[in-house]
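Residues per chain, in single letters:
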Amino acid sequence: MEIKNDVSESDALTISKGASALGIHEFSLLSRIQAGDITAARLGSGEMAIPTSEMERLSKLSIHSLAIPPDKSETVLSDSQLGIKQGWGGLKRQGGETADYSVPGYPFRFTESEIKGYRAAFGVIANEFQSLAELKKQLEKPATVVQSPEKEICTSQIGVWQVRSTLLNLGPSDILLCQKQNDFAVIEKFRDNVPYAKANGNAEILLERNDPREAAAAFNANAKHTLEFMASNQVATAQRVVWGEFQEHRPARLVAAISERCRLAVSDEERISQRQSVEHSNSNKQGHNRGMSI
């Protein structure tokens, strides 16, 4: 993975904007950065970005010819959608506010002033965070993946491959397990009309193996690393909002809370915690029922 640190924000696009301009999913962009196929930059905020020169190489177009989306606005979500819960009796902070609000995955409470920063920062990454959860679900539960109607992939770049199954739905593309004689490959098939596909072909081989199970397992492992990369970049985006607009409201704690939530979203801990919670609840019910029968 090659990262440049001397690129100004005016000479690069964030991952979100870059992916949109190329017509591909952020997952596709970040996975290729990880593989070393795309050179990225790290902005002062900590966010990953794609230098303008790299965008032009990937699209074979001038940066001015690409449809670059405007800066993303905050998505207004309810506290229920954000997982924010309000209680009472929290510790009183300097200024007279009580810490009555709790958020998922974080043990400490926030005041009304502090929780505004959480709402704003999480609102900016809400769509990407939802996508993160959906992709993780597909990886963990292959039955949820919608199978592609493609039966065969044939391009001048990679030749002819028979599609055996779909591993991941990304929207602008599908990731497919394919076969050519005794060889197996994981191939990303893009929509034909997106700028990236027009410049690079509508299908690219991500990895090859001699066994289909090995190919699928290798992709799954790589994909999990990419989801971690996505989560880390979402934290950097949220951090920019928090430190830029809410410096007076304990920003480090807000970033820590968002960071932990994003980390849990791509780890197995959330699933383990949920299972333990269900088991604990069932145990309590059984104990209660035994008591009633006595």
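Coordinates for the structure precede this section.
Along each chain, numbering runs from 1 in the same order as the chain's sequence is written. With pLDDT at 70 or above as the cut-off, local features in this predicted model cover only qualifying residues; side-chain atom pairs require 80 or more to be listed or tallied, and sums for whole chains, interfaces and linings still use all residues. The side-chain values count all of the structure's non-hydrogen atoms but skip hydrogen atoms and water molecules.

A.B. asks: Explain the overall build of the protein chain here, please?
C.D. replies: Segments assigned H or I by DSSP are reported as helices when at least four residues long, segments assigned E as strands when at least two residues long, and all are numbered from the N terminus. Helix and strand counts for the protein chain stand at 9 helices and 11 strands. Only protein chains enter the accessibility calculation, which uses a 1.4 Å probe; a residue whose area is less than 20% of its type maximum is buried, one above 50% is exposed, and one in between is partly exposed. Counting across all 294 residues of the protein chain, residues that qualify as buried make up 45%. Contact between two residues is taken to exist if any of their heavy atoms lie within 4.5 Å; hydrogens are not considered. For the protein chain, the proportion of contacts with a sequence separation of at least 24, taken over those separated by at least 6, is 54%.

A.B. asks: Help me understand the pattern of salt bridges in this model?
C.D. replies: A side chain with one charge can pair with a side chain of the opposite charge if their charged atoms come near. Definition used for salt bridges: Asp or Glu carboxyl oxygen within 4 Å of a side-chain nitrogen of Lys or Arg. Within this structure, the stated rule accounts for 14 salt bridges. A salt bridge links E54 to R57, with the nearest nitrogen and oxygen atoms 2.8 Å apart. Pair noted here: E54 and R57 are both in helix α3 (residues 52-59), with a separation of 3 residues, about one helical turn. When the shortest N-O distance is used, the salt bridge between K189 and E150 registers 3.6 Å. Separated by 39 residues along the polypeptide, K189 in strand β10 (residues 183-190) and E150 in the loop between α5 (112-140) and β7 (152-155) bring together distant segments of the chain. A residue is classified by how much of its surface remains accessible, and K189, at 11% relative accessible area, is buried. Relative accessible area serves as the criterion here: at 27%, E150 is assigned to the partly exposed category. Residues participating in the shared-partner salt-bridge network are R32, E188 and E204.

A.B. asks: Honestly, unusual backbone geometry in this entry has me stumped. Any pointers?
C.D. replies: Outside of glycine, negative phi angles account for most residues, and trans bonds account for most peptide bonds. One non-glycine residue with positive phi stands out, namely K60, at about 55°. Structurally, the position occupied by K60 is in the loop between α3 and α4 (79-82). Accessibility expressed as a relative area gives 59% for K60, which makes it exposed. Non-glycine residue Q181 carries a positive phi angle of around 55°. Relative to the assigned elements, Q181 resides in the loop between β9 (173-180) and β10.

A.B. asks: Teacher, can you tell me more about the sheet that holds strand β3 (residues 40-42) here?
C.D. replies: To summarise the sheet geometry, strands pair through backbone hydrogen bonds and adopt either a parallel or an antiparallel arrangement. Ordered in space as β1-β3-β4-β2, the 4 strands form an open sheet in which the pairing is mixed. Both edges of this open sheet fall to β1 (3-4) and β2 (12-14), since each of them pairs with a single strand only. Here β2 runs beside strand β4 (residues 48-51); their pairing, made up of 3 bridges, is antiparallel. By the bridge assignment, A12 is partnered in β4 with P51. Angles run from 0 to 180 degrees between N-to-C directions of axes, and those axes are lines fitted to C-alpha atoms, restricted for helices to the stretch in contact. Its contacts with the sheet place helix α1 (residues 15-22) against β2 and β4, and it is angled at close to 95° to β2. Any two strands between which DSSP finds at least two bridges are classified as paired.

A.B. asks: Just to check I follow, could you spell out the side chain of R261 for this structure?
C.D. replies: Of note, R261 is situated in helix α8 (residues 251-266). The residues contacting R261, other than those within four sequence positions of it, are Q81, L82, G83, P104, Y118, F122 and F129.

A.B. asks: Hey, could you run me through the pairing of β7 in this one?
C.D. replies: Regular strands place their side chains on alternate faces of the sheet. Of the two faces of β7, only one is covered, namely that formed by I153 and T155; the face formed by E152 and C154 stays uncovered. Both β7 and strand β8 (residues 159-169) contribute to a ladder of 4 bridges, which runs antiparallel. Bridge pairing links E152 to Q162 in β8. Hairpin connection between β7 and β8: a loop of 3 residues separates the two successive antiparallel strands.

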